[in-house]
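Listed here are the chains, written in short residue letters.
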Amino acid sequence: MDGIRDKTIVPTVDIIPRPEKIERRSGQYCLDGESEIYADTPNLWNADYLRNLLAPSTGLPLEIQSDRLTVKNGIHLVLNPGLEPLGHEGYRLEISPDAILIESFGTAGVFYGIQTLRQLLPVEIEERVSVIGADWRIPCLLIEDKPRFSWRGFMLDDGRYFHGKEIVYLTLDLMALQKLNIFHWHLTEDQGWRVEIKKYPALTEIGSHRAGTSKTMLGKKHDGIPHAGFYTQDEIREIVAYAARRNITIVPEIEMPGHSLSALASYPELACNAGLFQVATHFGVFPDIYCAGKDRVFNFLQDVLDEILTLFPSPYIHIGGDEAPKKRWKRCPDCQQRIREQGLMDEQALQGYFTNRIAAYLDSKGRKVIGWNEILQEGLVESAVIQYWAGSRQRLFEAVCNQNRFVVMSSYLSAYLDHGYNLMPLSLAYQYEPIPDELEQEHAGSILGLEFPLWSEWVPDRPRLDYQVYPRLTAMAETGWTSKDKKNLEDFLRRLEKFLVRLHQLGVGFAPLREAQPSIIRQWFGIFSIPLPQTRTAR
Ligand code: ACM
Ligand code: ZN
């Protein structure tokens, strides 16, 4: 009506990652005793998720109804084929005074609409007990949103320290909140094998234990405090299902041919020279790796992968491939014979053979290989995806431009969450752009997305993990989702304040902003110092 202005104060809408399009409207929706949830059949699990999210703190019944016409003050979760242009992860969220509508082309999009709705509610919504006297009002608006990248990943290294399933579940919950969709799970390392393999019980009987941990990279002396742990297959199945409910694919990493001392300690015949190997008690790069000349190594790895494939439905299986010294291969008669037989140039090419043989096996099972950029060699199978962390960018661009190869970006100096904040401040994490300038626009689509890895040499426990990860992962989540032209550091920092209150409410720690965003002088100091133990030096 002319002359009448709505005086409702619309609260600020502080959502991370920032949505594509927000249209504010007047009025508010109030979640109350009348509110009900309606979901079409494909979204019933989303309805359950939403109810579990809202019911404990609000203390409201929030019945799930199957008859849309009778739903009162409803939250509607529905598929809408007309929203195909937003993709299966995009969504439309409309909040009016008497209804909330979340619709998408796919159930993943509805899930992300729920995550946005969650951030529009006061942070007390995260309480797991009923909050007395709270006011559950949500500003009316229309949001249309979709992700920039299809690969929005976080990597947890469970090899250096075993973190356990409670941390994994929490990680998955927090990833969902930030609309991250790939959990790269680094499960095998020199310092520990973390996944039960039924056919090779020694991998966990022996390989998941180490005698102690050295606090320096070179130190042979360790603290004498045993460290152990692994996930049973039943636990993994539960975790994978939990992740799937949150639209998260778990990409397991079974590292080869390097970083494999825990496997060699369990089955020494997999090395070039069978010896007495021990699960490593210090960190670094070790010369003993799987032999590339013995067929039993490939039989072993194929058996391991067979079990991995039954546990993880992911289309991608990570095989590591980084930091594999060739010292043993140079002197091993079996490796040398393989080089001759296959007509390979050298030991470098032998790693190419190794990768391709495993990739072909996974391909025969309908899965694709992903590996660190060291697997990028002449003749690498077409389907292999590269995770770039360090080394020649030129080579990477050639692979993208000449071979149409797909890439996930995790640059060492801009994306490694194990670095100290002096070296990698929050602003750098936020400004990390996964599509390098050198790549022509026509090839930009080859960059599937980005991933922030947390290597855990110096991350023995949850407080350290929280400190390293937050708020940098939140910054990365925005880069993964929000289009480049909508990103703005200042605006992000403003929204982050509220997000950090939510993290606190969830019991999650983070680096305070004055530490996450240190002065320029400290940042320079960080580049020249070797800040142990907060930061890794080299791997
Ligand atoms: C790596 O950091 N070695 C992939
Ligand atoms: Zn060998």
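Structure first, text after, so check above.
These remarks concern the structure in this document. (Residues numbered from 1 in each chain as written. Chains lettered and ligands numbered in written order. Predicted model: local features only at pLDDT ≥ 70, side-chain atom pairs only at ≥ 80, totals over all residues. Heavy atoms only, no water.)

1. Some thoughts on the coordination of the zinc ion (ligand 2)
Quick reminder of the rule: Any N, O or S atom lying within 2.8 Å of the metal counts as a donor, and for Na, K and Ca the limit rises to 3.2 Å; water is left out, so some sites can look incomplete. The way it works is that DSSP assigns letters per residue, a run of H or I at least four long becomes a helix, a run of E at least two long becomes a strand, and they are numbered from the N terminus. A 1.4 Å probe rolled over the protein chains alone gives each residue an accessible area, and that area as a share of the maximum for its type sets the label: buried under 20%, exposed over 50%, partly exposed in between.
Coordination sphere of the zinc ion (ligand 2), protein contribution only: Cys272 (SG), Cys291 (SG), Cys332 (SG) and Cys335 (SG), at 2.2 to 2.4 Å. In terms of primary sequence, the donors binding the zinc ion (ligand 2) are separated according to C-x18-C-x40-C-x2-C. In this pair, Cys291 sits in the loop between α6 (261-266) and α7 (295-311) while Cys335 sits in helix α9 (residues 333-342), placing the two residues 44 residues apart along the sequence. Of the two residues examined, Cys291 and Cys335, each falls in the buried class.

2. Comments concerning the pairing of strand β7 (residues 137-145)
Where we set the bar: A pair of strands counts as paired when DSSP detects no fewer than two bridges linking them.
Burial analysis of β7 places seven of its nine residues in the buried class, the great majority of the element. In this structure, strand β1 (residues 21-30) lies alongside β7, joined through seven bridges in antiparallel fashion. Paired with Arg24 across the bridge in β7 is Leu141. The pairing of strand β5 (residues 91-96) with β7 spans five bridges and is antiparallel. Residue pairing across strands places Ile95 opposite Leu141, the latter belonging to β7.

3. Things to note about the nonpolar core
Selection rule: Nine residue types can take part in a nonpolar core, namely buried Ala, Val, Leu, Ile, Met, Phe, Trp, Tyr and Cys, and a core is a set of them joined through side-chain atoms within 4.5 Å.
Phe183, Trp185, Tyr290, Phe354 and Phe452 are the most contacted members of the largest nonpolar core, which totals 114 residues. It is α7 that provides the largest number of residues to this core, a total of nine residues. Counting residues in hydrophobic clusters, the runner-up holds 36 residues, among them Ile95, Ile125, Val131 and Ala176.

4. Here we look at the layout of surface pockets
Operational definition: Both site types are read off a 1 Å grid over the protein atoms alone. A 1.4 Å probe that fits but cannot get out defines a cavity, while an open set with protein on both sides within 12 Å along at least five of seven lines defines a pocket; lining residues have an atom within 4 Å of a point. Grid points are joined across faces, edges and corners, and a volume is the space filled by probe spheres set on the points.
Taken as a whole, the largest pocket spans an internal volume of roughly 480 Å³. Taken together, 25 residues make up the lining of the largest pocket; nearest its centre are Glu374, Leu376, Gln377, Glu378 and Arg395. Going through the elements one at a time, α10 (347-364) and α11 (393-403) are the ones with two or more residues in the lining of the largest pocket. The element that contributes the greatest number of residues to the lining of the largest pocket is α10, accounting for six residues.

5. Concerning helix α2 (residues 107-120)
Convention followed: One less than the number of residues in a helix, times 1.5 Å, gives the span that helix is expected to have.
In a regular helix each residue adds 1.5 Å, so 14 residues correspond to 20 Å; α2 covers 20 Å between its end C-alpha atoms and thus fits that length. Among the 14 residues that make up α2, 13 are buried, leaving the element largely enclosed by the rest of the structure.

6. Description of the packing of aromatic side chains
For clarity, the cut-off: Think of it this way: a Phe, Tyr or Trp ring, Trp meaning its six-membered ring, pairs with another when their centres are within 6.5 Å, and the plane angle makes it stacked under 30 degrees, edge-to-face over 60, tilted otherwise. Only when the NZ atom of a Lys or the CZ atom of an Arg is both within 6 Å of the ring centre and within 35 degrees of the ring normal do we say a charge sits over the ring.
For the structure shown, the criterion picks out 28 aromatic pairs. Between the aromatic rings of Trp151 and Tyr316, the centroid separation amounts to 5.2 Å while the plane-to-plane angle is 70°, which identifies the pairing as edge-to-face. Of the two residues, Trp151 is situated in strand β8 (residues 151-157) and Tyr316 in strand β15 (residues 316-318); the sequence distance between them amounts to 165 residues. Ring centres of Trp389 and Tyr412 lie 5.9 Å apart, and the angle between their planes is 75°; on these two criteria the pair is classed as edge-to-face. In this pair, Trp389 is assigned in the loop between β17 (385-388) and α11 and Tyr412 in helix α12 (residues 412-415), connecting sequence segments 23 residues apart. In this pair, the class of Trp389 matches that of Tyr412, namely buried. Members of the aromatic cluster, connected to one another through ring pairs, are Phe154, Phe162, Phe183, Trp185, Tyr231 and Phe312. Lying across the ring of Tyr161, Arg210 places its NZ or CZ 5.0 Å from the centre. Over the face of the ring belonging to Tyr430 we find Lys487, whose NZ or CZ atom lies 4.5 Å from the ring centre.

7. Section: the side chain of Ser260
What counts, and what does not: Under this definition, polar contacts are N or O atom pairs within 3.5 Å; protein pairs additionally need one hydrogen-donor-capable and one acceptor-capable atom, and for neighbouring residues in sequence, both atoms have to be side-chain atoms. Two residues form a contact once any of their heavy atoms are found within 4.5 Å.
Residue placement: Ser260 occurs in the loop between β14 (249-253) and α6. For Ser260, a relative accessible area of 2% corresponds to the buried category. A polar atom in the side chain of Ser260 sits 2.9 Å from the backbone oxygen of Pro257. Filtering out sequence-adjacent residues up to four positions away, Ser260 remains in contact with Asp190, Asp288, Ile289 and Tyr290.

8. Section: empty space enclosed by the protein
In total, this model carries two cavities of 30 Å³ or more according to the counting rule given. As a volume, the largest cavity reaches approximately 70 Å³. Along its surface, the largest cavity is lined by Phe154, Ile167, Leu170, Thr171, Leu174, Arg462, Leu465, Asp466, Val469, Tyr470 and Leu473. Of all the secondary-structure elements, those providing two or more residues to the lining of the largest cavity are α3 (165-177) and α14 (462-469). In this structure, the second largest cavity encloses a volume near 30 Å³. Lining the second largest cavity are Asp14, Gln119, Arg495, Lys498, Phe499 and Arg502. Considering every element that reaches the lining of the second largest cavity, the biggest residue donor is helix α16 (residues 489-505), with four residues.

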